[in-house]
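# Remarks on the overall topology
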Amino acid sequence: MEALAKLERVQTRLLKRLSNLESSLLSQHFSQNLSLSTSTTTEDRLSGILRTNGVVDFSFKRVPSDYYDWPLESRRDIVSAASIQHLCKSIVLVNTQAASNIIDCSDRNNSKYYVVVVQYAARFNAEAVKNFLYILNESKIAKKKFNMRLAPEETSVKLTGYEHNAVTCIGMKTNIPVILDEAIAKLNPDFFWFGGGEIDLKLGIRTSEFINFVKPFIVNCSSG
(Lines give C-alpha, C1' and ligand atoms only; values in the text may rest on other atoms or scores of the structure.)
Protein backbone atom coordinates (compact mmCIF):
# COMPACT_ATOMS: atom_id res chain seq x y z
CA MET A 1 0.00 0.00 0.00
CA GLU A 2 2.80 2.39 0.86
CA ALA A 3 4.50 1.65 -2.47
CA LEU A 4 1.27 2.43 -4.30
CA ALA A 5 0.84 5.71 -2.42
CA LYS A 6 4.43 6.67 -3.26
CA LEU A 7 3.80 5.94 -6.93
CA GLU A 8 0.68 8.11 -6.88
CA ARG A 9 2.66 11.00 -5.35
CA VAL A 10 5.33 10.70 -8.09
CA GLN A 11 2.63 10.64 -10.80
CA THR A 12 0.96 13.69 -9.28
CA ARG A 13 4.24 15.64 -9.31
CA LEU A 14 4.89 14.63 -12.92
CA LEU A 15 1.42 15.70 -14.02
CA LYS A 16 1.85 19.04 -12.26
CA ARG A 17 5.20 19.64 -13.99
CA LEU A 18 3.69 18.75 -17.37
CA SER A 19 0.80 21.14 -16.73
CA ASN A 20 3.19 23.95 -15.79
CA LEU A 21 5.32 23.27 -18.86
CA GLU A 22 2.27 23.32 -21.13
CA SER A 23 1.11 26.62 -19.63
CA SER A 24 4.56 28.13 -20.12
CA LEU A 25 4.73 27.04 -23.78
CA LEU A 26 1.25 28.38 -24.48
CA SER A 27 2.19 31.70 -22.89
CA GLN A 28 5.35 31.98 -25.01
CA HIS A 29 3.43 31.09 -28.17
CA PHE A 30 0.81 33.74 -27.42
CA SER A 31 3.48 36.38 -26.74
CA GLN A 32 5.29 35.60 -29.98
CA ASN A 33 2.09 35.77 -32.01
CA LEU A 34 1.13 39.04 -30.33
CA SER A 35 4.56 40.48 -31.14
CA LEU A 36 4.28 39.43 -34.78
CA SER A 37 0.77 40.81 -35.12
CA THR A 38 1.64 44.20 -33.64
CA SER A 39 5.03 44.72 -35.31
CA THR A 40 5.10 47.16 -38.20
CA THR A 41 7.48 46.92 -41.13
CA THR A 42 9.03 50.00 -42.71
CA GLU A 43 6.91 49.46 -45.81
CA ASP A 44 3.71 49.26 -43.72
CA ARG A 45 4.61 52.38 -41.74
CA LEU A 46 5.47 54.50 -44.78
CA SER A 47 2.44 53.20 -46.71
CA GLY A 48 0.22 54.29 -43.84
CA ILE A 49 1.78 57.77 -43.77
CA LEU A 50 1.40 58.16 -47.54
CA ARG A 51 -2.22 57.01 -47.69
CA THR A 52 -3.18 59.15 -44.70
CA ASN A 53 -1.84 62.16 -46.58
CA GLY A 54 -3.66 61.48 -49.82
CA VAL A 55 -0.90 59.67 -51.72
CA VAL A 56 -2.30 56.64 -53.55
CA ASP A 57 0.04 56.17 -56.51
CA PHE A 58 3.18 54.70 -55.00
CA SER A 59 5.05 51.42 -55.01
CA PHE A 60 7.81 49.68 -53.03
CA LYS A 61 10.47 47.45 -54.50
CA ARG A 62 13.05 45.26 -52.75
CA VAL A 63 16.44 45.27 -54.44
CA PRO A 64 19.55 43.06 -54.05
CA SER A 65 22.12 43.97 -51.40
CA ASP A 66 24.68 44.94 -54.04
CA TYR A 67 22.23 47.32 -55.77
CA TYR A 68 24.51 50.32 -55.29
CA ASP A 69 27.35 48.55 -57.06
CA TRP A 70 25.22 48.34 -60.21
CA PRO A 71 25.26 50.87 -63.07
CA LEU A 72 22.25 53.20 -63.22
CA GLU A 73 20.83 51.33 -66.19
CA SER A 74 20.63 48.11 -64.17
CA ARG A 75 19.08 49.93 -61.22
CA ARG A 76 16.52 51.42 -63.59
CA ASP A 77 15.57 47.98 -64.84
CA ILE A 78 15.27 46.32 -61.42
CA VAL A 79 12.71 48.91 -60.20
CA SER A 80 11.12 49.34 -63.65
CA ALA A 81 11.83 53.07 -63.71
CA ALA A 82 11.08 55.00 -66.90
CA SER A 83 14.71 56.14 -67.24
CA ILE A 84 17.87 56.64 -65.21
CA GLN A 85 16.72 60.26 -64.72
CA HIS A 86 13.83 58.86 -62.68
CA LEU A 87 16.26 57.42 -60.11
CA CYS A 88 16.69 59.88 -57.25
CA LYS A 89 18.13 60.19 -53.76
CA SER A 90 17.53 62.21 -50.61
CA ILE A 91 20.50 63.95 -49.01
CA VAL A 92 20.64 65.94 -45.78
CA LEU A 93 22.35 69.32 -45.94
CA VAL A 94 23.52 71.46 -43.03
CA ASN A 95 24.03 75.21 -43.14
CA THR A 96 27.47 75.44 -41.57
CA GLN A 97 27.37 79.25 -41.46
CA ALA A 98 23.92 79.68 -39.93
CA ALA A 99 23.58 82.20 -37.10
CA SER A 100 24.18 80.77 -33.62
CA ASN A 101 20.45 80.92 -32.83
CA ILE A 102 19.56 78.76 -35.86
CA ILE A 103 19.97 75.28 -34.42
CA ASP A 104 16.98 73.31 -35.73
CA CYS A 105 14.33 73.13 -38.45
CA SER A 106 11.65 75.29 -36.84
CA ASP A 107 12.01 78.04 -39.47
CA ARG A 108 11.27 76.49 -42.85
CA ASN A 109 12.74 79.47 -44.68
CA ASN A 110 15.94 79.60 -42.64
CA SER A 111 16.53 76.09 -41.33
CA LYS A 112 19.75 74.63 -40.02
CA TYR A 113 19.06 71.53 -42.12
CA TYR A 114 17.37 70.70 -45.42
CA VAL A 115 16.69 67.46 -47.25
CA VAL A 116 17.32 67.76 -50.97
CA VAL A 117 15.91 65.24 -53.46
CA VAL A 118 18.07 65.07 -56.60
CA GLN A 119 18.64 62.72 -59.50
CA TYR A 120 21.53 60.26 -59.41
CA ALA A 121 22.32 61.13 -63.01
CA ALA A 122 22.62 64.87 -62.27
CA ARG A 123 25.25 66.91 -60.46
CA PHE A 124 23.97 68.67 -57.35
CA ASN A 125 24.64 72.41 -57.16
CA ALA A 126 24.88 73.59 -53.52
CA GLU A 127 25.46 77.18 -54.67
CA ALA A 128 22.00 77.21 -56.28
CA VAL A 129 20.42 76.25 -52.94
CA LYS A 130 22.41 78.98 -51.21
CA ASN A 131 21.16 81.60 -53.69
CA PHE A 132 17.59 80.31 -53.40
CA LEU A 133 17.58 80.62 -49.61
CA TYR A 134 19.13 84.08 -49.80
CA ILE A 135 16.31 85.25 -52.09
CA LEU A 136 13.68 83.35 -50.08
CA ASN A 137 14.66 85.41 -47.04
CA GLU A 138 14.30 88.59 -49.11
CA SER A 139 18.03 89.30 -48.84
CA LYS A 140 17.56 90.17 -45.16
CA ILE A 141 20.17 87.60 -44.17
CA ALA A 142 23.70 88.06 -45.49
CA LYS A 143 24.54 85.60 -48.25
CA LYS A 144 27.65 84.54 -46.32
CA LYS A 145 25.29 83.12 -43.67
CA PHE A 146 24.33 80.36 -46.09
CA ASN A 147 26.85 77.60 -46.70
CA MET A 148 25.15 74.33 -47.52
CA ARG A 149 27.21 71.19 -47.03
CA LEU A 150 26.44 67.48 -46.78
CA ALA A 151 25.57 66.71 -43.17
CA PRO A 152 27.74 64.15 -41.32
CA GLU A 153 26.39 60.61 -41.51
CA GLU A 154 25.60 60.46 -37.77
CA THR A 155 23.68 63.74 -38.01
CA SER A 156 21.67 62.48 -40.97
CA VAL A 157 20.75 59.28 -39.12
CA LYS A 158 19.78 61.18 -35.99
CA LEU A 159 17.55 63.62 -37.86
CA THR A 160 15.91 61.24 -40.32
CA GLY A 161 16.03 57.88 -38.56
CA TYR A 162 17.42 56.33 -41.74
CA GLU A 163 20.92 55.11 -42.49
CA HIS A 164 23.05 55.82 -45.56
CA ASN A 165 21.41 54.72 -48.84
CA ALA A 166 18.08 54.32 -47.03
CA VAL A 167 17.24 58.00 -46.49
CA THR A 168 13.79 59.14 -47.56
CA CYS A 169 11.95 62.32 -46.69
CA ILE A 170 8.82 60.31 -45.84
CA GLY A 171 8.31 59.55 -42.15
CA MET A 172 11.48 61.22 -40.87
CA LYS A 173 12.10 61.61 -37.14
CA THR A 174 12.48 65.37 -37.64
CA ASN A 175 10.28 67.61 -39.75
CA ILE A 176 13.10 68.80 -42.01
CA PRO A 177 12.09 71.12 -44.87
CA VAL A 178 12.46 69.47 -48.26
CA ILE A 179 13.89 70.83 -51.50
CA LEU A 180 12.95 69.02 -54.70
CA ASP A 181 15.19 69.57 -57.70
CA GLU A 182 13.18 71.20 -60.48
CA ALA A 183 14.40 68.59 -62.97
CA ILE A 184 12.46 65.91 -61.06
CA ALA A 185 9.28 67.98 -61.12
CA LYS A 186 9.58 68.13 -64.92
CA LEU A 187 10.04 64.40 -65.46
CA ASN A 188 7.77 62.60 -67.92
CA PRO A 189 6.24 60.33 -66.83
CA ASP A 190 5.89 62.03 -63.46
CA PHE A 191 6.77 59.04 -61.28
CA PHE A 192 10.20 58.86 -59.66
CA TRP A 193 12.07 56.43 -57.41
CA PHE A 194 14.11 57.14 -54.28
CA GLY A 195 15.02 55.68 -50.88
CA GLY A 196 12.38 53.70 -49.03
CA GLY A 197 13.66 53.75 -45.45
CA GLU A 198 15.85 50.64 -45.73
CA ILE A 199 18.97 50.09 -47.83
CA ASP A 200 17.34 47.43 -49.99
CA LEU A 201 13.91 49.07 -50.15
CA LYS A 202 13.06 51.62 -52.85
CA LEU A 203 9.98 53.80 -53.10
CA GLY A 204 8.38 54.95 -56.32
CA ILE A 205 5.88 57.80 -56.14
CA ARG A 206 3.74 60.01 -58.38
CA THR A 207 5.53 63.37 -58.47
CA SER A 208 2.37 65.48 -58.25
CA GLU A 209 1.18 63.55 -55.19
CA PHE A 210 4.61 63.83 -53.58
CA ILE A 211 4.54 67.61 -54.07
CA ASN A 212 1.00 67.92 -52.70
CA PHE A 213 1.93 65.97 -49.58
CA VAL A 214 5.50 67.06 -48.81
CA LYS A 215 5.11 70.62 -50.14
CA PRO A 216 8.79 70.94 -50.99
CA PHE A 217 10.56 73.98 -52.26
CA ILE A 218 11.11 73.34 -55.97
CA VAL A 219 14.56 74.62 -56.90
CA ASN A 220 16.74 74.34 -59.99
CA CYS A 221 19.73 72.95 -58.10
CA SER A 222 21.44 70.51 -60.44
CA SER A 223 23.09 70.19 -63.82
CA GLY A 224 22.89 67.26 -66.17
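Residues numbered from 1 in each chain as written. Predicted model: local features only at pLDDT ≥ 70, side-chain atom pairs only at ≥ 80, totals over all residues. Heavy atoms only, no water.

### Focus: the packing of aromatic side chains
Keep this limit in mind: The rule is short: rings of Phe, Tyr and Trp, with Trp giving its six-membered ring, pair when the centres are within 6.5 Å, and they are stacked under 30 degrees, edge-to-face over 60, tilted in between. The buried label goes to any residue with under 20% of its type's maximum accessible area, the exposed label to any with over 50%, and the partly exposed label to all in between, with areas taken from a 1.4 Å probe on protein chains only. Counting from the N terminus, the helices are the DSSP runs of H or I reaching at least four residues and the strands are the DSSP runs of E reaching at least two. A ring is scored as having a charge over it whenever the NZ atom of a lysine or the CZ atom of an arginine sits within 6 Å of its centre and within 35 degrees of its normal.
What the rule picks out here adds up to nine aromatic pairs. Taking the centre distance of 5.1 Å and the plane angle of 90° together, the rings of Tyr67 and Tyr68 count as edge-to-face. Overall, Tyr67 belongs to the buried group, its relative accessible area being 5%. For Tyr68, a relative accessible area of 22% gives the class partly exposed. An angle of 85° between the planes, with centres 5.3 Å apart, marks the rings of Phe192 and Phe210 as edge-to-face. On the criterion of sequence distance, the pair formed by Phe192 in strand β7 (residues 191-198) and Phe210 in helix α7 (residues 207-214) is long-range, its members being 18 residues apart. Judged by relative accessible area, Phe192 falls into the buried class, the value being 0%. The class of Phe210 is buried, set by a relative accessible area of 0%. Pairwise contacts between aromatic rings join Tyr67, Tyr68, Trp70 and Tyr120 into one cluster. Cation over ring: Arg108 sits above Phe217, and NZ or CZ is 4.0 Å from the ring centre.

### Quick word on the sheet that holds strand β1 (residues 58-62)
Counted only if it meets this: Whether two strands pair depends on DSSP finding at least two bridges between them. For every element, the axis is a line fit to its C-alpha atoms; helices are fit only across the contacting stretch, and the angle between N-to-C directions ranges from 0 to 180 degrees.
Taking strand neighbours across the sheet as the criterion, the three strands line up as β1-β8-β7 in an open arrangement whose pairing is antiparallel. Because the sheet does not close on itself, it has two edges, and the strands there are β1 and β7. When the angles between neighbouring strand axes are averaged without regard to direction, this sheet yields 30°. Both β1 and strand β8 (residues 201-206) contribute to a ladder of five bridges, which runs antiparallel. Residue Phe58 lies in a different strand from β8, and its bridge partner there is Ile205.

### A word on the pattern of salt bridges
Our working rule: For this analysis, a salt bridge means a side-chain nitrogen from Lys or Arg found within 4 Å of a carboxyl oxygen belonging to Asp or Glu.
Tallying each qualifying case throughout the model produces eight salt bridges. A salt bridge links Arg206 to Asp57; its shortest N-O distance comes to 2.6 Å. Residue Arg206 is found in strand β8, and its partner Asp57 is found in the loop between α2 (42-52) and β1; the two are separated by 149 residues along the sequence. For Arg206, a relative accessible area of 23% puts it in the partly exposed group.

### Points about the pairing of β8
In terms of burial, β8 is largely enclosed, as five of its six residues are buried. Note that β7 and β8 share six bridges and pair antiparallel. Looking across to β8, one finds that Trp193 is bridged to Gly204. Turn length for the β7-β8 hairpin, with the two strands adjacent in sequence and antiparallel, is two residues.

### Things to note about the sheet that holds strand β3 (residues 113-119)
Pairing within the open sheet is mixed, and its five strands lie in the order β5-β2-β3-β6-β9. The sheet is open, and its two borders are formed by β5 (148-150) and β9 (217-219), each paired with just one other strand. This sheet shows a mean twist of 35° between the axes of neighbouring strands, independent of strand direction. Across three bridges, strand β2 (residues 88-95) lies against β5 in antiparallel orientation. When the sheet's bridge partners are listed, Leu93 is paired in β5 with Leu150.

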